[in-house]
Amino acid sequence: MAYRKNRADTLLLKAAVLAAAVALAQGCAQTTAQRQAPSDATVAAHVAAATRAAGSDLTALLTLCNPAPATRPPQAELDKGLAAFIAKPAPPPGQAFDNLYFVGADWVSAWAIKTSDGIILIDALNTQAEAAALIEGGMRKLGLDPAQIKYVIVTHGHGDHYGGAPYLAQKYRARVVMSEADWIMTETRLEFATPIWGAPPKHDVSVKDGESITLGDTSVSLYITPGHTMGTISPVFDVKYGGRKHRVMLWGGTSFNFGKDMPRLDGYIDSTRRMSTVAQAQRIDVLLSNHSGVDGSQPKLAALRQQPSAAANPFVIGTPAVERALNVMGECAQAQRDRFALQ
């Protein structure tokens with residue numbers, strides 16, 4: 001197992017993405033200069049654009065267009081809400097693709113990628129207890145061996161994603177992967193500190209934008225998408241279903257729970273634009289989340305359990321829909337930026 005830079009095919013893609021990024025940067029500079037002063041009208045225009053982009057199939061994302069609080073919640077409120085989320089009954093584990101499995105909770109997701117040389121886990125839920133019951137227990141129900149977990153990719157440094165990582169790292173010697181920015185955050189000053197989550201994992205594998213985790217026959221490309229945290233990772237990888245290959249993007253951090261932080265919102269907006277370019281270049285046709293309320297993974301998994309294996313996979317939404325989803329998130333972020341600017 002190894003983590004490395006993408007090879008020749010990805011290098012070609014990077015060149016194309018770099019060229020697109022240069023053009024995007026130039027366009028963004030022009031857009032910034034031409035942007036209207038924030039007003040109730042600009043907020044409404046961004047919400048309207050997001051609503052059009054969402055259509056009838058991506059409406060779950062429109063919750064991002066609701067006004068976000070300018071400050072983070074008090075500790076007692078955070079703890080109470082978190083405990084309520086964790087107390088919800090967990091859904092059954094499920095198989096989304098031939099090589100991708102859901103082993104998460106009701107609120108927060110964990111995804112296991114099966115490779116020819118072990119398992120890459122994306123996120124580790126809230127606590128050691130959830131990791132034992134839902135990740136280990138879920139894997140066993142699906143015919144997977146938790147001892148084969150070789151990597152745990154933590155999409156961002158909040159405890160609902162790293163909570164079970166120390167347990168899995170200690171028990172199975174799994175390597176824990178996070179961006180350097182979020183390792184620094186978890187080692188210095190946690191954005192959300194609560195005893196419910198326990199201590200973050202010890203600094204292990206630090207990755208930069210464009211690097212990949214490779215295990216056996218599978219490579220997971222890691223894109224740094226600042227916004228939700230400054231080091232949020234959005235993994236991109238291949239899955240198979242019914243003899244066909246599909247390309248997945250797992251958006252690493254969705255909500256605006258960081259308060260009135262304009263640079264973070266600008267980073268979020270830039271990340272959605274950049275990853276839309278990546279989605280188009282790589283023909284990404286599956287968009288996942290680390291919260292099942294965002295990607296509708298629970299009803300999709302339920303549909304897969306009831307339908308013949310040859311039927312269309314509900315997780316495959318097509319590249320245009322992936323681009324629309326990124327557009328919805330970007331427009332909602334712009335609406336929120338303008339709201340904050342008016343305060």
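Before any of the text, the structure's been laid out above.
Just so we're clear, the structure is a prediction, and the values are computed from it rather than from any experiment. (Residues numbered from 1 in each chain as written. Predicted model: local features only at pLDDT ≥ 70, side-chain atom pairs only at ≥ 80, totals over all residues. Heavy atoms only, no water.)

Colleague: Just checking my understanding: could you explain the pattern of salt bridges for this structure?
Modeller: Pairing between side chains of opposite charge can happen when their charged atoms approach one another. Counted by the stated rule, this structure contains eleven salt bridges. A salt bridge links Asp270 to Arg273, with the shortest nitrogen-to-oxygen separation between them at 3.9 Å. Here the residue Asp270 and the residue Arg273 both occupy positions in helix H8 (residues 262-282), the gap between them amounting to three residues, near one helical turn. Judged by its relative accessible area of 41%, Asp270 falls in the partly exposed class. Connected through salt bridges with shared partners, the residues Arg72, Glu191 and Arg264 form a single ionic network. (Salt bridge = Lys/Arg side-chain N within 4 Å of Asp/Glu carboxyl O. Helix = DSSP H or I, 4+ residues; strand = E, 2+ residues; numbered from the N terminus. Buried < 20%, exposed > 50% of the residue type's maximum accessible area, 1.4 Å probe, protein only.)

Colleague: How should I be thinking about the packing of aromatic side chains in this particular structure?
Modeller: Working definition: an aromatic ring pair is given by the centre-to-centre distance plus the angle between the planes. Enumeration over the complete set of coordinates arrives at eight aromatic pairs. Centre to centre, the rings of Phe97 and Tyr241 are 6.2 Å apart; their planes meet at 85 degrees, and the pair counts as edge-to-face. Placement of the pair is Phe97 in strand S2 (residues 94-97) and Tyr241 in strand S11 (residues 233-241), with a sequence separation of 144 residues. Take Phe97 and Tyr241: they sit in the same class, and that class is buried. Ring centres 6.1 Å apart and planes at 90 degrees place the aromatic pair Trp111 and Phe315 in the edge-to-face group. Of this pair, Trp111 sits in strand S4 (residues 111-115) while Phe315 is found in the loop between helix H10 (297-306) and helix H11 (319-342), placing the two residues 204 residues apart along the sequence. By the burial criterion, Trp111 is buried, and Phe315 matches it. Clustering of aromatic rings is evident, with ring pairs tying together Phe97, Phe102, Trp111, Tyr241 and Phe315. (Phe/Tyr/Trp six-rings, centres within 6.5 Å; stacked < 30°, edge-to-face > 60°.)

Colleague: Whenever I open this one, the layout of surface pockets confuses me. Can you help?
Modeller: The probe, sized like a water molecule, is rolled over the atoms to show the empty space still left. As a volume, the largest pocket reaches approximately 790 Å³. Of all the secondary-structure elements, those providing two or more residues to the lining of the largest pocket are helix H3 (75-87), helix H5 (159-162) and helix H9 (292-295). For the lining of the largest pocket, the element with the highest residue contribution is H3, accounting for five residues. Among the residues forming the lining of the largest pocket, the class breakdown is 13 nonpolar, 15 polar and three charged. (1 Å grid on protein atoms, 1.4 Å probe; cavity = no way out; pocket = protein on both sides within 12 Å on 5 of 7 lines; lining within 4 Å. Points joined across faces, edges and corners; volume = space filled by probe spheres on them. Nonpolar A, V, L, I, M, F, W, Y, C, P; charged D, E, K, R; others polar.)

Take it as geometry only, folks, not as evidence of what the structure does.
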